[in-house]
Amino acid sequence: MTTPILRVRDIDKTFTMHLQGGQRLPVLRGLAFEVRPGECVALGGSSGAGKSSILKMVYGNYAVDRGSIALRGPDGAVDIASAGPRDILAARRDVMGYVSQFLRCVPRVGALQIVAEPLTGRGVPADEARDRAADLLTRLSIPERLWGLPPATFSGGEQQRVNIARGFAVPLPLLLLDEPTASLDDRNRDVVIELIRAKRAEGTALLGIFHDTEVRKAVADRVVDVEAFAAAA
């Protein structure tokens with residue numbers, strides 16, 4: 001059995017409600033799971049169970065109360081739960097990507113450049129990066145006439161497709177997916193399923209949230225029941 005890319009162990013998470021007198025809200029207790037190369041693991045559970053929070057903890061956006069988030073990179077494992085900002089940024093550069101539900105990018109930058117930028121930032125020649133970006137935008141039905149325009153002028157579904165293209169452009173060991181098909185039509189949903197399957201075939205590990213049952217069945221090897229780790233209030 002292959003060594004996990006991601007090993008989450010004994011994670012506790014509590015939110016502090018600063019606008020409500022510092023009230024503490026326990027969310028997760030003893031969270032544990034692993035993700036291996038070439039495997040797609042889905043986080044399951046009802047809305048509010050903590051699925052998006054788990055992705056943000058793995059990505060280093062949220063702190064944890066206790067436990068470890070071991071991410072295996074080219075230079076060994078780093079514990080995201082205790083790592084400093086520099087190590088977290090290095091892990092994002094070299095090991096894990098993140099496709100969120102919302103596109104965050106520099107205003108006035110065109111869609112093609114936004115998708116190509118993570119590639120050129122890793123040393124891919126500009127022409128090759130643009131070709132790869134153009135291929136993804138084409139597959140995701142973003143017409144060429146829009147490639148030079150900033151996605152802020154696009155519809156919500158078009159922005160999400162640019163976001164997906166950017167996230168899938170770079171070959172990284174781990175890809176985090178937060179509802180990648182939430183605002184897509186059937187055709188583009190099927191394209192994303194194909195992209196996920198291709199990543200799995202390449203050996204990429206994927207951890208995602210898929211509320212669309214058909215998508216989850218099509219891509220996930222197994223489901224982690226987040227509600228099994230719910231903290232008692």
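Here the structure is a predicted model, which is why all the values come from computation and not from measurement. (Residues numbered from 1 in each chain as written. Predicted model: local features only at pLDDT ≥ 70, side-chain atom pairs only at ≥ 80, totals over all residues. Heavy atoms only, no water.)

A. Region of the structure containing the layout of surface pockets. In this structure, the largest pocket encloses a volume near 710 Å³. Listing elements by their share of the lining of the largest pocket, those giving two or more residues are α1 (51–59), α2 (85–94), β6 (96–99), α3 (111–120), α5 (156–169) and β7 (174–178). Taken together, the residues that form the lining of the largest pocket break down as 12 nonpolar, eight polar and nine charged. (1 Å grid on protein atoms, 1.4 Å probe; cavity = no way out; pocket = protein on both sides within 12 Å on 5 of 7 lines; lining within 4 Å. Points joined across faces, edges and corners; volume = space filled by probe spheres on them. Helix = DSSP H or I, 4+ residues; strand = E, 2+ residues; numbered from the N terminus. Nonpolar A, V, L, I, M, F, W, Y, C, P; charged D, E, K, R; others polar.)

B. Quick peek at the pattern of salt bridges. Applying the stated criterion across every chain yields a total of 13 salt bridges. As a salt-bridge pair, R93 and D94 come within 3.0 Å of each other at their nearest N and O atoms. Taking relative accessible area as the criterion, D94 reaches 33% and is therefore assigned partly exposed. For the salt bridge of R166 with E117, the shortest nitrogen-to-oxygen distance reads 3.1 Å. Here E117 lies in helix α3 and R166 lies in helix α5, a separation of 49 residues in the sequence. (Salt bridge = Lys/Arg side-chain N within 4 Å of Asp/Glu carboxyl O. Buried < 20%, exposed > 50% of the residue type's maximum accessible area, 1.4 Å probe, protein only.)

C. Representation of the environment of D75. Turning to its location among the elements, D75 is positioned in the loop between β4 (66–73) and β5 (76–79). On the basis of relative accessibility, which here comes to 79%, the residue D75 falls in the exposed class. Expressed as a C-alpha distance, the spacing of D75 and A231, which sit 156 residues apart in the sequence, is 34 Å.

D. How the structure looks around the packing of α3 against helix α4 (residues 126–139). For the pair α3 and α4, the least separation of the axes is 8 Å and the interaxial angle reads 125 degrees. Comparing their axes, α4 and α3 come out oblique. Where α3 crosses over α4, the handedness of that crossing is right-handed. On the side of α3, the interface is formed by A111, L112, V115, A116, L119 and T120, while α4 contributes A126, A129, R130, R132, A133, A134 and L137. In terms of residue class, the contact of α3 with α4 is made up of 10 nonpolar, one polar and two charged. (Axes fitted to C-alpha atoms, helices over the stretch in contact; angles between N-to-C directions. Parallel < 35°, antiparallel > 145°, perpendicular 65-115°, else oblique. Left-handed = near helix turned anticlockwise from the far one by under 90°. Contact = heavy atoms within 4.5 Å.)

This is a description of form; function is not addressed.
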